[in-house]
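Listed here are the chains, written in short residue letters.
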Amino acid sequence: MEGVLHQVLSGIASGGIYASVALALVMIYQATHHVNFAQGEMATLSTYIALTLINLGLPYWIAFVITIVVSFVLGLLIERILMRPMMDAPVLASVGVFIGLLLIINSSTGWMFDYMIKTFPTPFPGGPLLFSGYVSGHELGAFFITLVVLIAVYLFFRHTKLGLAMRAAAFNPVSSRLVGIRVGWMLALGWGLAASIGAVAGMMVAPIVYLDPNMMAGILLYAFAGALLGGIDNPLGAVLGGFAVGIIENLAGAYLVGTELKLTVALIIIVSVLVVKPSGLLGRTVLSRV
Amino acid sequence: MPALLEARSLHAGYGETRVLHGIDFAVEQGGVTALLGANGAGKTTTLRAICGMVRTSGEIRLGEERIDGRPTEDIVQRGVAHVPDGRGTFFELTVEENLRLGSYIRRDRHGIAQDLERVFGYFPRLRERFRQQAGTLSGGEQQMLAIARALLLGPRLLLLDEPSFGLAPLIVQDIFAILHRIRADEGVSILLVEQNASLALDIAEQAYLLETGRIVISGPAAEIRRDESIRRSYLGY
Amino acid sequence: MARNALLAILAWLVVACLPTFLLSDYHLFQLTMVIVYAIAILGLAILTGFNGQISLGHGAFYAIGAYVTAVLMYQYGVPYWATLPVSAIVCAVFGFLIGLPALRLGGLYLALTTFALAVAVPQLLKHDALEPWTGGVQGLVIDKPDPPFGLDLSPDQWLYLFSLFVGAVLFLLAWNVVRGRIGRAMMAIRDHSLAAEAMGIDIALLKTRTFALSAMYTGIAGSLGAIVVQFVAPDSFGIFVSIYFFVGLVVGGVSSIGGAIFGGLFIEFVPNLAEKVSKAAPGAVYGVILIAVMFLMPGGVAGFVGSLFARFRRGTKSVELRPAMIGESVANNVSAGVPGGAEPDPGGNRGV
């Protein structure tokens, strides 16, 4: 029983990270109907930037904030330069561009920072805290940080004018233009925001899994699973899905398939959701356009 | 009185298909101008052309400025509010959020609040449904919401694309009664596209008849309404 | 016309045999890998280019083929050539099985799922339960086969000719399929599945069969690859294998049989050249070229060459090469202003 509790709590902590990346994926999907296959690589790059800043002597939280800002700008630039022409492209072309982006960022990261595995510092005091051995200090801290980010994003979208405009632009770009919203820039902001969220996820997960250019590949997979499980057009669903996947992955890894097959669990979740209920648990079931 | 909106030799189309073949029309300041015609005549395209939503050639003037070739957002900034065909409601958002979006580009909070009150005066049902999701509203209510949203821009020019479409006759009556009030009280110029010619001619001062992308009849609405031969051959009543 | 084509192909084959005697063993090894990759990419072309099902996970089939061959040779002493038919069948079965749930997915969702498959494969290969056969993380080393009948050839020379032969057969087979009724049905599904269904094509059956055929091709390529490289290990079959096949496909020409050869050349030689610059360069080069092709030359090299030929030769019936047709436009899947809003549209064949 204690083992289960430990797995569940640990799963909630990693679930927060999956939820963040899943949210980033859903934000971009909702606005553009594209899946950002390069989301993981962008987060990895951000994490490296953070490490560089820390190694230059900056205090952790300053580096944290700067990284978020830099990631925001990078995401915005990528959208404006690369994604804009791909707006109405057929699926294969857009998949190609995203994969190309994945490759470029991945190799740039490897080139700039080399392929050696690095440790990434955690700002949270180590050792088991409140729950006496069930979660580490970092896991608890990471959970709170991701929770704060998710709540902040929620408040932003629900209660600010800009957030409303971004939602409108995602739902109905044509009508959005008719009220004067610059839809193109809304998309760019969405990308920037997604990149920032990914950066936070990367910085939270790096202390656990260590930093190398391929750090986020597995996490991206869990995020996909979470986003699909919750409903890829539903931000709240994506977040819940991310947490669910974290818990499922940990429990399955501990009791069902062993830790070596955790990625397969993600794959099974993805396939199951897409076959049984493609719109996810909270997504809208709409009649497919025939 | 100088026209608020003037179009000259306006061509427009989608891709390789040309829909408008060089039309001229004008919307008088403070008046209602009707644009009539059958399905496919190019009425919606005309409104879209004014808003920069389709590619055009020719001249479109709003006041002193040329607005042809400008992006939609710029034209909206200059006070053109378009209620598109199909209403263009943001279904996933609430009525409140839809209305807030109407005043998106404005910064005068006091003015917006006042306008909101006036809009509720025209459409009290929107106040009742303020926090409801817009997609759950009936067709008539969505039309009201769309018009309300457009009014909240504080526009100089209001473009209405088939407000009667898909609505039961009683509801259409209600809406046009409100349009009469708006026209009397707001001072906004209106370009009204309608298939229902009698309703349109009832409220308009000027009217144009569009047939396959060309203007075939233009003149004071009252005259057109009186002319039986026009009514029978073109307007179907 | 057909006889001219056959003669031309025979002539090309004879020409292709020449390197056996002209090049060093190492260069022959490289050319052999070109053939291997070309076959793998051809498998992907059959599925994505001609049938419109996007796969980012074909490395999985490549891995399965490689491991089938390696295990049979290493654990059971099966001769190398005999492993190919086994590998073909095994991969075809896997392809069919994966093709079944893939029926319900389309476009983006299939890409996503196959991507997930590719990421998960190395973990699966390393799993303890399979270790007795697969050799676990260390993998398996297999011997290079000797030329048969005591021919006076080096093993590399023989392998080159062997692969050339296998490749020729597979390419001819593919060319035949694509040109015939099945090929037209495949392409009908790709371009307009609704109309295809209305014309009586059994979409589900054809799509799964295409998946099986495609998997078979890439699986055979994997087998050949294992024999040539003499080594299989789980970490050589990560996500990048699938991605590189995808890149090779796009660069060579998505719906092009001949383009697969260029794709093979591309992914064999470009990394070698790029690595001289830096270890990171191949990925970046691939990425840049992939994006550039998408923007500038969507038909890939084959499309480009084809359009050159078309200028000189009128009335050439050539298969449409633009990947721009594959999958419906993303914009079509956005239903702005419809109640319920933007829906996830997995495409697929569910009917309304």
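Residues numbered from 1 in each chain as written. Chains lettered and ligands numbered in written order. Predicted model: local features only at pLDDT ≥ 70, side-chain atom pairs only at ≥ 80, totals over all residues. Heavy atoms only, no water.

Points about the overall build of chain C
A tally of helices and strands in chain C yields 15 helices and two strands. Residue pairs at least 24 apart in sequence account for 79% of intrachain contacts in chain C once pairs closer than 6 positions are excluded. Total accessible area computed for chain C in this model is approximately 15,200 Å², and 68% of it derives from carbon and sulfur atoms. (Helix = DSSP H or I, 4+ residues; strand = E, 2+ residues; numbered from the N terminus. Contact = heavy atoms within 4.5 Å. Areas by Shrake-Rupley, 256 points an atom, 1.4 Å probe, with all protein chains shown as cover.)

As for the layout of surface pockets
With a probe scaled to a water molecule rolled over the atoms, the places where space remains empty come into view. All names here are of chain C. Within this model, the second largest pocket holds a volume of roughly 1,500 Å³. Around the second largest pocket, the lining is made up of 48 residues, and of these D235, S236, F240, V241 and Y244 lie nearest the centre. Tallied by class, residues from the lining of the second largest pocket come to 31 nonpolar, 11 polar and six charged. (1 Å grid on protein atoms, 1.4 Å probe; cavity = no way out; pocket = protein on both sides within 12 Å on 5 of 7 lines; lining within 4 Å. Points joined across faces, edges and corners; volume = space filled by probe spheres on them. Nonpolar A, V, L, I, M, F, W, Y, C, P; charged D, E, K, R; others polar.)

A word on the pattern of salt bridges
Taken as a whole and judged by the stated rule, the model has 27 salt bridges over all chains. Notably, a salt bridge pairs E97(B) with R167(A), separated by 2.6 Å at the nearest N-O pair. With E97(B) in helix 3 (residues 95–102) and R167(A) in helix 6 (residues 161–171), the pair connects residues from two separate chains. As far as the burial class goes, E97(B) and R167(A) line up, both buried. Between R190(C) and D191(C) there is a salt bridge whose closest N-O contact spans 2.8 Å. (Salt bridge = Lys/Arg side-chain N within 4 Å of Asp/Glu carboxyl O. Buried < 20%, exposed > 50% of the residue type's maximum accessible area, 1.4 Å probe, protein only.)

So, the sheet that holds strand 1 (residues 3–14) of chain B
Pairing between the strands of a sheet comes from backbone hydrogen bonds, and it takes one of two forms, parallel or antiparallel. All names here are of chain B. Pairing in this open sheet of four strands is antiparallel, and the strands run 2-1-4-5 from one edge to the other. Each end of this open sheet is capped by a strand with a single partner; those strands are strand 2 (17–28) and strand 5 (65–66). Here strand 1 runs beside strand 4 (residues 55–62); their pairing, made up of seven bridges, is antiparallel. Looking at the pairing, L5 lines up with L62 of strand 4. (Pairing = 2+ DSSP bridges.)

Some thoughts on the packing of aromatic side chains
Applying the stated criterion across every chain yields a total of 27 aromatic pairs over all chains. An aromatic cluster of three or more residues is present, and its members are Y37(C), Y62(C), Y67(C), F237(C) and F245(C). Residue placement shows K161(A) over the ring face of Y104(B); its charged tip is 5.3 Å from the ring centre. The lysine or arginine in question, R179(C), covers the ring of W175(C), its NZ or CZ lying 4.3 Å from the ring centre. (Phe/Tyr/Trp six-rings, centres within 6.5 Å; stacked < 30°, edge-to-face > 60°. Lys NZ or Arg CZ within 6 Å of the ring centre and 35° of its normal.)

Focus: empty space enclosed by the protein
Taken as a whole and judged by the stated rule, the model has two cavities of 30 Å³ or more. Counted as a void, the largest cavity has a volume near 60 Å³. Forming the walls of the largest cavity are L178(A), V179(A), V76(B), A81(B), H82(B), G102(B), R149(B), A150(B) and L153(B). Classifying every residue of the lining of the largest cavity by side-chain character gives six nonpolar, two polar and one charged.

Thoughts on the interface of chain B and chain A
In this assembly, 22 residues from chain B lie in contact with 21 residues from chain A. Carbon and sulfur atoms supply 62% of the area that chain B and chain A bury against each other, a total of about 1,900 Å² over both sides. Here D74(B) and R182(A) are joined by a salt bridge, their closest N and O atoms 2.9 Å apart. Applying the counting criterion to the chain B and chain A interface returns five residue pairs in polar contact (both at pLDDT 80 or more). Looking at the side of chain B that touches chain A, the elements with two or more residues in it are helix 2 (72–77) and helix 3 of chain B. Each residue belonging to the side of chain B that touches chain A can be placed in one class, and the counts come to nine nonpolar, six polar and seven charged. (Buried area = accessible area lost by both parts, 1.4 Å probe. Polar contact = N/O pair within 3.5 Å; in protein donor to acceptor, adjacent residues only side chain to side chain.)

Examining the sheet that holds strand 7 (residues 157–161) of chain B
All names here are of chain B. Strand order in this open sheet of six strands is 6-7-8-3-9-10, and the pairing throughout is mixed. Strand pairing shows two members of the sheet lacking a second neighbour, strand 6 (80–83) and strand 10 (214–220), which therefore form its edges. Direction aside, neighbouring strands of the sheet carry axes that sit 15° apart on average. In this structure, strand 3 (residues 32–37) lies alongside strand 9 (residues 206–211), joined through five bridges in parallel fashion. Paired with L36 across the strands is L209, a residue of strand 9. Packed on one face of the sheet, helix 6 (residues 139–151) meets strand 6 and strand 7 and runs near 170° to strand 6. (Axes fitted to C-alpha atoms, helices over the stretch in contact; angles between N-to-C directions.)

Remarks on the pairing of strand 8 (residues 189–194) of chain B
Residue and element names in this part refer to chain B. Across the six residues that make up strand 8, a large majority, six, are buried. Pairing between strand 3 and strand 8: five bridges, direction parallel. The partner of L35 across the bridge, within strand 8, is V193. Relative to strand 8, strand 7 is paired through five bridges, and the arrangement is parallel. For D161, the partnering residue across the bridge sits in strand 8 and is V193. In terms of handedness, the path from strand 7 via helix 7 (residues 169–186) over to strand 8 forms a crossover that is right-handed. (Right-handed = clockwise from strand over helix to strand, strands pointing away.)

Everything listed here is a matter of coordinates, which is why it stays silent on function.
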